[in-house]
Amino acid sequence: MIIKNAKVYTPEHRFVRQDLVIRGGRIVPGAPAPEPGEEVLDAEGLYALPGLVDIHFHGAVGHDFCDADPDGLQAIADFEASKGVLAICPATMTFSEEILNGIVDVARAHNNDRGADLVGINMEGPFISPRKVGAQNPKYVTPANVGMFRRLQERSGGLFKLVDLAPEEPGALDFVRACGEEVRISIAHTCTDYATAKAAFAAGARHMTHLYNAMPGITHREPGPIIAALEDGATVELITDGVHIHPAMVRFTFRVFGDDHVVLIADSMEAAGLPDGQYSLGGQAVTVRGPRATLTEHPDTIAGSATCLYDCMRTAVREMGVPLESAVRAASENPARCIGIDQDYGSLAAGRFGNVVLADSELNIRTVIKKGAVLNRE
């Protein structure tokens, strides 16, 4: 396939009018002549964006990753791909090892022939603070356990790319020291203070889960984990659905952390792609009204989002004042780099998979291309 005349998002993080050539499923360098029978798309007036990479979400279209349902996982992958998200690393919830085993088995058996590629698993719980469970199930919260993680990792065939934990909880820092070289460790659902967060980063943590949510904020005498993350160069997740974080805080985060350290995530639950109504997350009832998803029994507790990563990226640009170049980087290259798949995903550099989203000036998706094949066209 040759995509002509597009405004291509380059590895230098800017848009340049040029052609993209995809052969054998990957982007090739230069501008070779068309081959006989090769498809040529005229993308005049359109942006060519890398396929997005979501490293933290739970479900969509009535299905949850933790349902451990092969058909449901495929439906999620198909939906995500239709929205320009071509690599997914869905998150587990706070469950027992026995329940997580079933989820892992379905993920490992999944075939990436259709929809977004399953490229990993994000272990969000059960190693979190019982005082910051958010929409997680407190019944299954447990101290960080190296043996449990390694058993799950072996069972998954190495799919776990992120492990979330609260560093102030018993055994957490020992876990970071033991596993920090095996998996990316993220501070999450935590009551940690600045000093303990600094100790966790010194021990090997490198990431922050949904920054600002389910963690202490910043004050002048108690700087907390956010300032520790800034000082130690951690990557930080942002949910830019218009519900979780005020636009001014989104702009602040990009400005202070830099667009090379921000990772946009959807943190979506099963209501993504569906109308308002009653849903479930981690076995708890959720009510969705408009963009807001909350626990039905605790309506002040946000229960993930009801949107997809592409719409979060679009919202960041169109409603929050984030430069397009920065938002694209935070939704593609940065998450791919965080979980070690950036040689294949998250960029339109030569050698990467030919995963391309063609979008108009309003960032409406016009065409989604996976590995050189058109998945959908508006």
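Refer to the structure presented above.
Below, the structure is looked at part by part. Just so it is clear, the structure is predicted and the values come from calculations on it, not from any experiment.

### Notes on the packing of aromatic side chains
Thought 1: Tallying each qualifying case throughout the model produces seven aromatic pairs.
Thought 2: On the numbers, 6.3 Å between centres and 70° between planes, the contact of Phe-149 with Phe-160 is edge-to-face. In this pair, Phe-149 sits in helix H3 (residues 146-156) while Phe-160 sits in strand S12 (residues 160-165), placing the two residues eleven residues apart along the sequence. With respect to class, Phe-149 is no different from Phe-160; both count as buried.
Thought 3: Connected via pairs of aromatic rings, a cluster forms that spans Phe-127, Phe-149, Phe-160 and Phe-175.

### Description of empty space enclosed by the protein
One water molecule sets the probe size; rolling that probe over the atoms shows where empty space is left.
Thought 1: Using the criterion set out here, one finds one cavity of 30 Å³ or more in the structure.
Thought 2: For the lining of the largest cavity, a count of residues per class yields four nonpolar, one polar and three charged.

### With respect to the sheet that holds strand S18 (residues 284-289)
Thought 1: Read across the sheet, four strands follow the order S17-S18-S19-S20 without closing on themselves; strand pairing throughout is antiparallel. Pairing within the sheet leaves two strands with one partner each, and these edge strands are strand S17 (277-281) and strand S20 (302-305). Here the strands of the sheet are splayed against their neighbours by 35° on average, with no regard to which way each runs.
Thought 2: Two strands pair when backbone bridges link them, and S18 and strand S19 (residues 292-295) are joined in this way by four bridges, in the antiparallel orientation. Along S19, the bridge assignment pairs Val-286 with Leu-295.

### Considerations on the environment of Ile-88
Thought 1: With respect to the helices and strands, Ile-88 occurs in strand S9 (residues 85-88).
Thought 2: Along the sequence, Ile-88 and Arg-131 sit 43 residues apart, while their C-alpha atoms lie 29 Å from each other.
Thought 3: Dropping the residues within four chain positions of it, Ile-88 is found in contact with Asp-54, Phe-57, Ala-77, Glu-80, Ala-116, Asp-117, Leu-118, Val-119 and Gly-120.

### Structural notes on the sheet that holds strand S10 (residues 117-118)
What links the strands of a sheet is backbone hydrogen bonding, and the strands pair in either a parallel or an antiparallel sense.
Thought 1: Taken in spatial order, the three strands line up as S6-S9-S10 in an open sheet, and their pairing is parallel. Two strands bound the open sheet, and with one partner strand each, they are strand S6 (52-54) and S10.
Thought 2: Where S9 meets S10, two bridges bridge the pair, whose relative direction is parallel. Following the sheet pairing, Ala-87 is matched in S10 by Asp-117.
Thought 3: Seen against the sheet, helix H8 (residues 309-318) touches S6 and S9 and runs at an angle of roughly 110° to S6.

### A short note on the nonpolar core
Thought 1: Ranked by internal contacts, the top residues of the largest apolar core, which has 97 residues, are Leu-264 and Tyr-310.
Thought 2: For this core, the leading source of residues is H8, giving six residues.

### Concerning the pattern of salt bridges
Thought 1: In this structure the tally under the stated criterion is 20 salt bridges.
Thought 2: Taking the shortest distance from any N to any O, the salt bridge between Arg-155 and Asp-105 comes out at 2.8 Å. Separated by 50 residues along the polypeptide, Arg-155 in helix H3 and Asp-105 in helix H2 (residues 97-109) bring together distant segments of the chain.
Thought 3: Overall, the relative accessible area of 34% leaves Asp-105 in the partly exposed class.
Thought 4: The salt bridge involving Arg-366 is made with Asp-360; its shortest N-O contact spans 2.7 Å.
Thought 5: The class of Arg-366 is partly exposed, set by a relative accessible area of 34%.

### Brief notes about the pairing of S12
Thought 1: Taken across its six residues, S12 has five buried, putting it largely inside the fold.
Thought 2: Across four bridges, the pairing between strand S11 (residues 121-124) and S12 is parallel. Each bridged residue has a counterpart across the sheet, and for Ile-121 the counterpart in S12 is Phe-160.
Thought 3: Each parallel crossover has a hand, and for S11 linked through H3 to S12 it is right-handed.
Thought 4: The sheet contact formed by S12 and strand S13 (residues 184-187) spans four bridges and is parallel. When the bridges of S13 are listed, Leu-165 appears paired with Ile-187.

### Some details on unusual backbone geometry
Peptide bonds are, in most cases, trans, and in most cases residues other than glycine have a negative phi.
Thought 1: A cis amide bond links Gly-125 with the next residue in sequence, Pro-126, at an omega value of 20°.
Thought 2: In this fold, Pro-126 is placed in the loop between S11 and H3.
Thought 3: Even without glycine at this site, Asn-5 takes up a positive phi of about 70°.
Thought 4: Among the structural elements, Asn-5 can be located in strand S1 (residues 2-9).
Thought 5: A residue is classified by how much of its surface remains accessible, and Asn-5, at 21% relative accessible area, is partly exposed.

### Description of a nonpolar patch on the surface
Thought 1: On the surface, a nonpolar cluster with roughly 350 Å² of combined accessible area is contributed by Ile-218, Leu-230, Met-249, Phe-252 and Val-256.
Thought 2: Sort the elements by how many residues they give to the nonpolar patch and helix H7 (residues 247-257) lands first, with three residues.
Thought 3: Looking at where Ile-218 falls in the secondary structure, it is placed in the loop between strand S14 (207-208) and helix H6 (224-231).

### A closer look at the packing of H3 against helix H4 (residues 172-179)
Thought 1: Between H3 and H4, the least distance of the axes is 10 Å, while the angle of their chain directions is 40°. With respect to each other, H3 and H4 are oriented oblique. Residue-level inspection shows Val-146, Phe-149 and Arg-150 of H3 in contact with H4, the latter providing Phe-175, Ala-178 and Cys-179.
Thought 2: For the contact of H3 with H4, the residue count by class is five nonpolar, no polar and one charged.

Criteria and thresholds
Residues numbered from 1 in each chain as written. Predicted model: local features only at pLDDT ≥ 70, side-chain atom pairs only at ≥ 80, totals over all residues. Heavy atoms only, no water. Phe/Tyr/Trp six-rings, centres within 6.5 Å; stacked < 30°, edge-to-face > 60°. Helix = DSSP H or I, 4+ residues; strand = E, 2+ residues; numbered from the N terminus. Buried < 20%, exposed > 50% of the residue type's maximum accessible area, 1.4 Å probe, protein only. 1 Å grid on protein atoms, 1.4 Å probe; cavity = no way out; pocket = protein on both sides within 12 Å on 5 of 7 lines; lining within 4 Å. Points joined across faces, edges and corners; volume = space filled by probe spheres on them. Nonpolar A, V, L, I, M, F, W, Y, C, P; charged D, E, K, R; others polar. Pairing = 2+ DSSP bridges. Axes fitted to C-alpha atoms, helices over the stretch in contact; angles between N-to-C directions. Contact = heavy atoms within 4.5 Å. Core = buried A, V, L, I, M, F, W, Y, C linked by side-chain atoms within 4.5 Å. Salt bridge = Lys/Arg side-chain N within 4 Å of Asp/Glu carboxyl O. Right-handed = clockwise from strand over helix to strand, strands pointing away. Patch = residues over 30% accessible without salt bridge, like charges linked within 9 Å, V, L, I, M, F, W, Y side chains within 5 Å. Areas by Shrake-Rupley, 256 points an atom, 1.4 Å probe, with all protein chains shown as cover. Parallel < 35°, antiparallel > 145°, perpendicular 65-115°, else oblique.

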